[in-house]
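Letter by letter, the chains look like this.
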Amino acid sequence: MASFAAAFADVAPIEQDDGPAPVCAIAYAPEYARLMGFFRAILESNERSPRVLELTAALAEHNAAHYTVWHVRRECLWALASNDASILTDELRYSAEVARENPKNYQIWYHRRALVEKIGQAAAADELALISTALRDDAKNYHAWSNRLWVLKTYGGWAGELEFCTALLDADVYNNSAWNHLYQVKAQLGCDPVEEVRSTLERLNHARENESAWVYALAFAKSDERAAAALLAHCEGAEGVRSQMALVELLKTSDPGRASTIARRLAELDATRARYWRRRAEGLGNGT
Amino acid sequence: MSAVDEAAAALAYATLNDPTQPPPPFAPERHAAYLKRVAADAGALEYALTEYMRVSGVYWGLTAMRLLGRDAAAELGGPALVELARGCQNADGGFGGARGHDSHVLYTLSALQVLALLGALDRCDRAAAAAYVAALQQPDGSFCGDRWGEVDTRFSYCALAALALLGRLGDADVGRAAAFVDACRNFDGGYGCAPGAESHAGQVFCCVGALAIARRLDLVDRPLLCWWLAERQCDSGGLNGRPEKQADVCYSWWILSVLRMLGADHWIDGARLRSFILKCQDLPDGGIADRPGNCPDVFHTFFGVGGLSLLGALPGDRPGIDAVFALPEDVVESLGLEAQTVPRNDASLLDAWAAERRGGGAAIVK
């Protein structure tokens, strides 16, 4: 803190002001409050310099969710990078560290995206590696997944994704994020819908009531008649509640009467959603 | 000892997660006191750390107060809050999360909602705000959140809702906005933050809400989406945001509001959801947490009260909440805000809308 006081000795800090509302003195986190005083002054003066870059890092350490801090940090980086491009690669290292410490933080993931975009293709592989690490700790991290999709769509690299998805599903076959990603990968690389149904059923052998896997298989059954026939053949006589739910979807057009009967039975089997299934049964019965 | 205190004392922590155990009573007085306390406690660390989203916190608190049937403006300090929201408007026309913060469409919507709640929309520069929001739209119909250019379907909702509040929906290309949202529809019927991104119940609210404002609910795969949403109800009675995730009070709002827009809010087990929300109350001190036994916050207090409101579980004479605009119904009515919604059990209306689109006929008004 003392070093910031010295570095910003020429700056008059501005205190928090929410307008004329009765605002008490900040009683906690005096260091954060002091740094914010300098930061508000910087917002007024528009200074973009190495000392402001350091100030934003100190503030982000206190509060990584402060989006304006990250805005100002990027403006400093962009301004300073025109003289020294290495500042961006340093930032890749620094922000990776922050992302590892704050994996659920929205601002840091967007900061990474902006940084990769600024550097371009050369940063794409690094980004995929960082995301893979984040997903090892939390395989459902929404920001990490959406950044991954963005990197792939922007810079390519889809070929390695099949193996990536397979490993995640081997680790946790209930991981909905991995099923969704697998679908995107298949859409990108192309696939045989019948084979998708077959391999999904294989995974379902060990996890019969896996919602994500059933929805995945149904998606291919809806797009392809042979895939639908394969799934239907499996569901006829299969045990479990979700195979019956799949039957409702598979039979709703070809045999709405039977689909309605199954939906009515599901109202008993799936008590939490009893009203939903009764409504489906009625709808299938009268054609709405 | 009051009835609420007795219930709190009798409530063993271990039974909170047992869905067969009855819930404690609803404690609206405690929650109102909690909201007042939070609003006044500017010295707390939490207050300093959340400065960047101050105006959203004000919106959650004000709306929850109104839904509890209280005179929110009088109890939380209406004139000061109007000044707070006005103070967030920047020279670019947009609003930041607090005075001096960069403009963002998230906080622009929150600030406009605060002003709407306090009957003070004409106290800001409406034309500049509308121009700021409309300029965030991209050629593919999507919206950036701010000048940094991040795109997310959350911003589609914020932008359309903000423009509707300003009475300037026509300033955006609403057709393209709906087309972008439709491009984010997944194979499970849900929606994610971008095309191909995993379905997430919070994003589903933003997408279906945007389509409701754009009058394009015909683009929703209603049976598939409602099935996916109904699957979000857990054994605890609470709702989760994605498969295999824990239930969280915030999804009581995100999901129930979408089901309401689609005329299907009675398709899940309302009694068990109500019970889950009631168990998330902090009974001694007021406020609602994300799940039973956790610490309350303003965000979850708003979503819990909003969920109870949609369930019709708030007793007495108080305004309901509008599922599309997330504002008390009387505010929505007085502003003349309109959106498309499906009446209960009338799926045929959706088919009619879809057929009309195909036939190129005039749009049906609700």
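As the structure is a computational prediction, the values presented were derived from the model and not from experiment. (Residues numbered from 1 in each chain as written. Chains lettered and ligands numbered in written order. Predicted model: local features only at pLDDT ≥ 70, side-chain atom pairs only at ≥ 80, totals over all residues. Heavy atoms only, no water.)

Trainee: Before we move on, could you go through the overall build of chain A and cite the residues and values that matter?
Mentor: The number of helices and strands found in chain A is 16 helices and zero strands. Taken against the 2.2 N^0.38 rule, which gives 19 Å for 288 residues, the C-alpha radius of gyration of chain A at 27 Å runs more than 25% over that of a compact globule. Expressed along its principal axes, the backbone C-alpha trace of chain A runs to roughly 80 × 50 × 30 Å. For chain A, the residues scored as buried account for 55% of the 288 residues in total. Looking at chain A alone, contacts between residues at least 24 apart form 57% of all its contacts between residues at least 6 apart. A total of about 13000 Å² of accessible surface is found on chain A, and carbon and sulfur atoms cover 52% of it. Positive and negative charge centroids in chain A, built from 32 and 39 side chains respectively, lie 6 Å apart. (Helix = DSSP H or I, 4+ residues; strand = E, 2+ residues; numbered from the N terminus. Rg over C-alpha atoms; globule rule 2.2 N^0.38 Å. Buried < 20%, exposed > 50% of the residue type's maximum accessible area, 1.4 Å probe, protein only. Contact = heavy atoms within 4.5 Å. Areas by Shrake-Rupley, 256 points an atom, 1.4 Å probe, with all protein chains shown as cover. Lys, Arg positive; Asp, Glu negative; His and termini not counted. Charge placed at Lys NZ, Arg CZ, Asp CG, Glu CD.)

Trainee: Residue-level account of the overall build of chain B, with values.
Mentor: A count of helical and extended segments in chain B gives 17 helices and zero strands. Here the C-alpha radius of gyration of chain B, 20 Å, is about what a compact globule of 366 residues would show, namely 21 Å. Across its three principal axes, chain B shows a C-alpha extent of roughly 65 × 45 × 35 Å. Taken across its 366 residues, chain B has 63% of its residues classed as buried. In chain B, of all internal contacts separated by at least 6 residues, the share reaching a separation of at least 24 is 68%. Put simply, chain B shows about 12500 Å² of open surface, and 51% of that area lies on carbon and sulfur atoms. Put simply, chain B has 31 plus and 44 minus side-chain charges, and the middle of one group is 2 Å from the middle of the other.

Trainee: Break down the domain arrangement of chain B for me, citing the residues and quoting the values.
Mentor: All names here are of chain B. When the domains of chain B are assigned, the result is domain 1 (1–49 + 221–357) and domain 2 (125–219). A separation of 23 Å is found between the C-alpha centroids of domain 1 and domain 2. Facing 32 residues of domain 1, the contacting portion of domain 2 comprises 27 residues. At the boundary of domain 1 with domain 2, total buried surface from both sides reaches about 2300 Å², with 68% on carbon and sulfur atoms. Counting every contact that joins domain 1 to domain 2 gives two salt bridges. The salt bridge partner of Glu-338 is Arg-215, with a shortest N-O separation of 3.2 Å. Viewed at the interface, domain 2 and domain 1 are joined by seven residue pairs in polar contact (both at pLDDT 80 or more). Elements with a minimum of two residues in the side of domain 1 that touches domain 2: helix H12 (222–230), helix H13 (250–261) and helix H17 (347–359). (Domains from an automatic or database assignment. Buried area = accessible area lost by both parts, 1.4 Å probe. Salt bridge = Lys/Arg side-chain N within 4 Å of Asp/Glu carboxyl O. Polar contact = N/O pair within 3.5 Å; in protein donor to acceptor, adjacent residues only side chain to side chain.)

Trainee: Tell me about helix H6 (residues 78–87) of chain B, and please be specific about residues and values.
Mentor: All names here are of chain B. Among the ten residues of H6, seven are classified as buried, and the element is accordingly described as predominantly covered. Every buried residue belonging to H6 is among Gly-78, Ala-80, Leu-81, Val-82, Leu-84, Ala-85 and Gly-87, and all of these are buried. Where H6 is buried, its residues meet helix H4 (54–67), helix H5 (72–76) and helix H7 (105–117).

Trainee: So what's going on with the packing of aromatic side chains? Residues and values would help.
Mentor: Residue and element names in this part refer to chain A. All chains considered together, the criterion is met by 24 aromatic pairs over all chains. Where Trp-150 meets Tyr-155, the ring centres are 5.9 Å apart and the plane angle is 90 degrees; that geometry is what we call edge-to-face. By relative accessible area, which is 15% here, Trp-150 ends up buried. On the basis of relative accessibility, which here comes to 17%, the residue Tyr-155 falls in the buried class. (Phe/Tyr/Trp six-rings, centres within 6.5 Å; stacked < 30°, edge-to-face > 60°.)

Trainee: Just give me the short version of the interface of chain A and chain B, but keep the residues and values in it.
Mentor: Counting from both sides, the interface comprises 58 residues of chain A and, opposite them, 62 residues of chain B. Surface buried jointly by chain A and chain B totals about 5400 Å² across both partners, of which 55% is contributed by carbon and sulfur atoms. Joining chain A to chain B, the criterion identifies four salt bridges. Between B:Glu231 and A:Arg242 there is a salt bridge, and its shortest N-O distance comes to 2.9 Å. At the junction of chain A and chain B, the tally comes to 29 residue pairs in polar contact (both at pLDDT 80 or more). Of all elements in the fold, only helix H2 (30–45), helix H4 (67–81), helix H6 (106–119), helix H8 (142–155), helix H10 (176–189), helix H12 (211–223), helix H14 (241–251) and helix H16 (274–286) of chain A reach the threshold of two or more residues within the side of chain A that touches chain B.

Trainee: Requested: an account of the environment of A:Phe220, with residues and values cited.
Mentor: Residue and element names in this part refer to chain A. Positionally, Phe-220 belongs in helix H12. On the basis of relative accessibility, which here comes to 7%, the residue Phe-220 falls in the buried class. Sequence separation of Phe-220 and Asp-192 is 28 residues, and the distance between their C-alpha atoms is 9.0 Å.

Trainee: An account of unusual backbone geometry is requested, with residue identities and associated values reported.
Mentor: All names here are of chain B. Positioned with a positive phi, Arg-215 is a non-glycine residue whose angle comes to about 60 degrees. Here Arg-215 shows up in the loop between helix H11 (201–213) and H12. Backbone geometry places Ala-326, a non-glycine residue, at a positive phi of 55 degrees. By secondary structure assignment, the location of Ala-326 is in the loop between helix H15 (298–310) and helix H16 (329–335). Taking relative accessible area as the criterion, Ala-326 reaches 5% and is therefore assigned buried.

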